[in-house]
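Here are the chains, one letter per residue:
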Amino acid sequence: MKKSWYFLLWVLVLSSCSRKTGAGISVPVSNTVPDYGKDRYWAALPTINDPSDELPAPLREDYRKDTSVDVFFIHPTTFTGEFQGRWNAAVEDEALNKKTDESTIRFQASAFNEFNVYAPRYRQAQITSFYTSDTLAAGAALEAAYEDVRAAFSYYLQHWNKGRPIIIASHSQGTRHAKQLLRDFFEDSLLRQQLVAAYLIGYPVEPDYFSAIPPCEDSAQTGCFISWRTFRAGYEPPYAPAFRQSVVVNPLSWKTDTSYAPTALHKGAVLRNFNKIYYRVNDARVYKDLLWVSRPRFPGSRLIRTGNYHIGDINLFYQNIRENLRTRVAEFRRQKIGW
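Asker: Would you explain the environment of L303 in this entry?
Answerer: When you line up the elements, L303 lands in the loop between strand 9 (290-293) and helix 5 (318-335). L303 gets classed as partly exposed once you look at its relative accessible area, which sits at 30%. Once the C-alpha coordinates of L303 and G174 are considered, the two residues, 129 residues apart in sequence, prove to be 29 Å apart.

Below, the structure is given as structure tokens:
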């Protein structure tokens, strides 16, 4: 019973992009357009106390904030549950916002909190958008969501960035939007000179998607992107062929090759208990368009039957991400002396 409860809790706190949770879906339809000049339309800002500021207990003593670098984080789908006719979430849905804050902002955005974290609320597309045969309606919903993200980033650039280096970070639906954001703002722009790296996690990034932003080939490269989708070794998801084309960077070795990265390279995961770090949880290697890992090792993990570890794409590599951010920022500064 105790192990079953642990596993259930792990699933609940990492429930973004699950089809089984319905928080917020019963709120009446709203067409409110976010005003990004108001704090309430941001899930995370450097000027407010929010869950992205939280730290697991083992990290607090040595924590040092670097306010000279910005992170623009785009959260994944938390507008889930059975479809009830609403294709886009309402940004003033308090229940949904609470769910977003207590899951992805605390457990994912906080991985980037050694720097300034900006995370907009947006009229995210409902989870059905990724499964429906009504591609016209789904496409419109996703485009509406992206327009909010684009507006938020434009506001951030105009009012807050002030020329600082930028890290783009995202998961799942957030990565779908982040890909387009990079194309629109960075590919053919001087802004690319400010890009430390883009962590485009949990959604495919096709090898030819960008023309000027390459995949990161090692742990220190800058101006590049990182991407992976996590599955148990030996498992291949039943995705359509178009969804099986993606660059993969191994977050234990930070390489794109297929070499095996042992558990000794795993620096720490944050799972069901935010205040605890689990070490040497899994290994990793690149297999085709997937990141294959061993079954994660933590109390109760034997109860995990799925081969799809999508909800843990960031959390399973929490400490590896934090350390890699420092490495890339240091290299960015070395290359651009005086930045």
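Asker: Even after reading the chapter, I still don't get the sheet that holds strand 7 (residues 230-232), so can you show me in this structure?
Answerer: Within a sheet, each strand pairs with its neighbour through backbone hydrogen bonds, oriented either parallel or antiparallel. The mixed open sheet is built from three strands, whose spatial order is 7-9-8. Here the strands that pair on one side only, and so sit at the sheet edges, are strand 7 and strand 8 (285-287). Strand-to-strand twist in this sheet, taken as the mean axis angle between neighbours without regard to direction, amounts to 45°. Inspection of the sheet shows strand 7 paired to strand 9 by three bridges, in the parallel sense. When the sheet's bridge partners are listed, F231 is paired in strand 9 with W292.

Asker: Explain the nonpolar core here, please?
Answerer: Grouped burial of nonpolar side chains is what soluble globular proteins tend to show. Among the nonpolar cores identified, the biggest contains 52 residues, and F73, F112, I167, Y199, W228 and I321 are the most heavily contacted of them. For I167, the residues in contact, after removing those within four places along its chain, are V69, D70, V71, F72, F115, V196, A197, Y199, L325 and V329. Listed in part, the 32 residues of the second largest apolar core include Y146, I166, I168 and Y209.

Asker: Help me understand the side chain of H310, please; the structure alone is not making it clear to me.
Answerer: You can see H310 is positioned in the loop between strand 9 and helix 5. The class for H310 is buried, based on a relative accessible area of 17%. At 3.0 Å, the side chain of H310 and the side chain of D313 are in polar contact.

Asker: Would you mind showing me how to read the side chain of S227 here?
Answerer: Its place among the elements puts S227 in the loop between strand 6 (224-226) and strand 7. In this structure S227 comes out as buried when scored by relative accessible area, which is 0%. In this structure the side chain of S227 is engaged in a polar contact, spanning 2.9 Å, whose partner is the backbone oxygen of L200. S227 has contacts with L200, Y203, V205, S246, V247, V248 and V249, leaving out every residue within four places of it along the chain.

What counts and how
- Chains are numbered independently. Their residues run from 1 in the order of the written sequence.
- For this predicted model, a pLDDT threshold of at least 70 governs which residues receive local features, and a threshold of 80 or more governs which side-chain atom pairs are given and counted, while totals over whole chains, interfaces and linings are taken from all residues.
- Processing note: side-chain calculations cover all non-hydrogen atoms of the structure and skip hydrogens and water entirely.
- Each helix is a run of H or I in the DSSP string that is no shorter than four residues. Each strand is a run of E no shorter than two, and both are numbered from the N terminus.
- Classification of residues uses two cut-offs on accessible area relative to the type maximum, computed with a 1.4 Å probe and protein chains only: under 20% is buried, over 50% is exposed, and between them is partly exposed.
- Here, any two strands with at least 2 DSSP bridges between them count as paired.
- What counts as an axis is a line fitted to C-alpha atoms, over the stretch in contact for a helix, and the angles between N-to-C directions run from 0 to 180 degrees.
- We define a nonpolar core as any set of buried Ala, Val, Leu, Ile, Met, Phe, Trp, Tyr and Cys residues linked to one another through side-chain atoms lying within 4.5 Å.
- In what follows, residue pairs with any heavy atoms lying within 4.5 Å of each other are defined as contacts.
- In protein, a polar contact means a hydrogen-donor-capable atom and an acceptor-capable atom, both N or O and within 3.5 Å, with residues adjacent in sequence counting only if both atoms are side-chain atoms; elsewhere, any N or O pair within 3.5 Å suffices.

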